[in-house]
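# Survey of secondary and tertiary structure
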Amino acid sequence: MIRAAVDIQVPFHDVDMMNVVWHGHYAKYLEIARCALLDKIGYNYTEMKASGYAWPVIDLHIRYPGPACFDETITVTATLTEWVNCLKIGYEIRNKASGKRLTKATTTMVAVDIATQTMCFESPQVMIDKVTAHL
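The sections below set out a description of the structure shown in this document.

Parameters at a glance
Residues numbered from 1 in each chain as written. Predicted model: local features only at pLDDT ≥ 70, side-chain atom pairs only at ≥ 80, totals over all residues. Heavy atoms only, no water. Helix = DSSP H or I, 4+ residues; strand = E, 2+ residues; numbered from the N terminus. Rg over C-alpha atoms; globule rule 2.2 N^0.38 Å. Buried < 20%, exposed > 50% of the residue type's maximum accessible area, 1.4 Å probe, protein only. Contact = heavy atoms within 4.5 Å. Areas by Shrake-Rupley, 256 points an atom, 1.4 Å probe, with all protein chains shown as cover. Pairing = 2+ DSSP bridges. Polar contact = N/O pair within 3.5 Å; in protein donor to acceptor, adjacent residues only side chain to side chain. Arc of directions from axis to C-beta.

### What about the overall build of the protein chain?
- Assigned secondary structure in the protein chain consists of three helices and eight strands.
- Taken from N to C terminus, the helices and strands of the protein chain fall in the order β-α-α-β-β-β-β-β-β-β-α.
- Taken over the C-alpha trace, the protein chain has a radius of gyration of 16 Å; the compact-globule value for 135 residues is 14 Å, and the two agree within 12%.
- Over its C-alpha atoms, taken along the principal directions, the protein chain stretches across nearly 45 × 30 × 20 Å.
- Looking at the protein chain as a whole, 40% of its 135 residues qualify as buried.
- Intrachain contacts of the protein chain at a sequence separation of at least 6 include 66% that bridge at least 24 residues.
- When the accessible surface of the protein chain is summed, it comes to about 7,400 Å², and 58% of that surface belongs to carbon and sulfur atoms.

### Details of the sheet that holds strand 2 (residues 53–54)
- Strand order in this open sheet of three strands is 2-7-8, and the pairing throughout is antiparallel. Because the sheet does not close on itself, it has two edges, and the strands there are strand 2 and strand 8 (118–119).
- Bridge count for strand 7 (residues 112–113) against strand 8 is two bridges, and the pairing is antiparallel. Within the sheet, the bridge partner assigned to V112 lies in strand 8 and is M119.

### Looking at the environment of E82
- By secondary structure assignment, the location of E82 is in strand 4 (residues 73–82).
- What makes E82 partly exposed here is its relative accessible area of 24%.
- The spatial distance from the C-alpha of E82 to the C-alpha of T108 is 8.9 Å, given a sequence separation of 26 residues.
- Every residue in contact with E82, bar those within four places of it in the chain, is listed here: L87 and K88.
- For E82, the side chain forms a polar contact with the main-chain nitrogen of V84, separated by 2.9 Å.
- One polar contact links the side chain of E82 to the main-chain amide nitrogen of N85, over a distance of 2.9 Å.

### A short note on helix 3 (residues 125–132)
- Regarding helix 3, the residues found buried are M127, I128 and V131. Looking straight down helix 3, one finds that the buried residues subtend no more than 100° of arc, so they occupy a single side.
- The inward-facing, buried residues of helix 3 contact helix 1 (26–41), helix 2 (45–50), strand 4 and strand 5 (87–95).

Laid out in structure tokens, this is it:
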């Protein structure tokens, strides 16, 4: 499996009055890890656009078994789990110091032909090639 991990120190502006990360900011943390994963396979958003495809997120699931808090360092790991029909990525967010899992999530993205705005029902060959080159 292809995976990428990033460390993020939780900033003050991401927390609520209890110093706990507001739930909406987790999507941003997932995006940061997803960008690292896409960079790793050599098919980031700029390269996607240049190849004629957009990849919107069509589904997002998040579970929060534990809180991330102000000033702690979290490790966000993104793992590519499906790429043939869609781009499905699994995520884990852990406290870097303790290793405790704080969040588990998945996103599903689909290819959309930019020229026609048509959703593709399978991943374009460029995605298949990029992923298989890194397996």
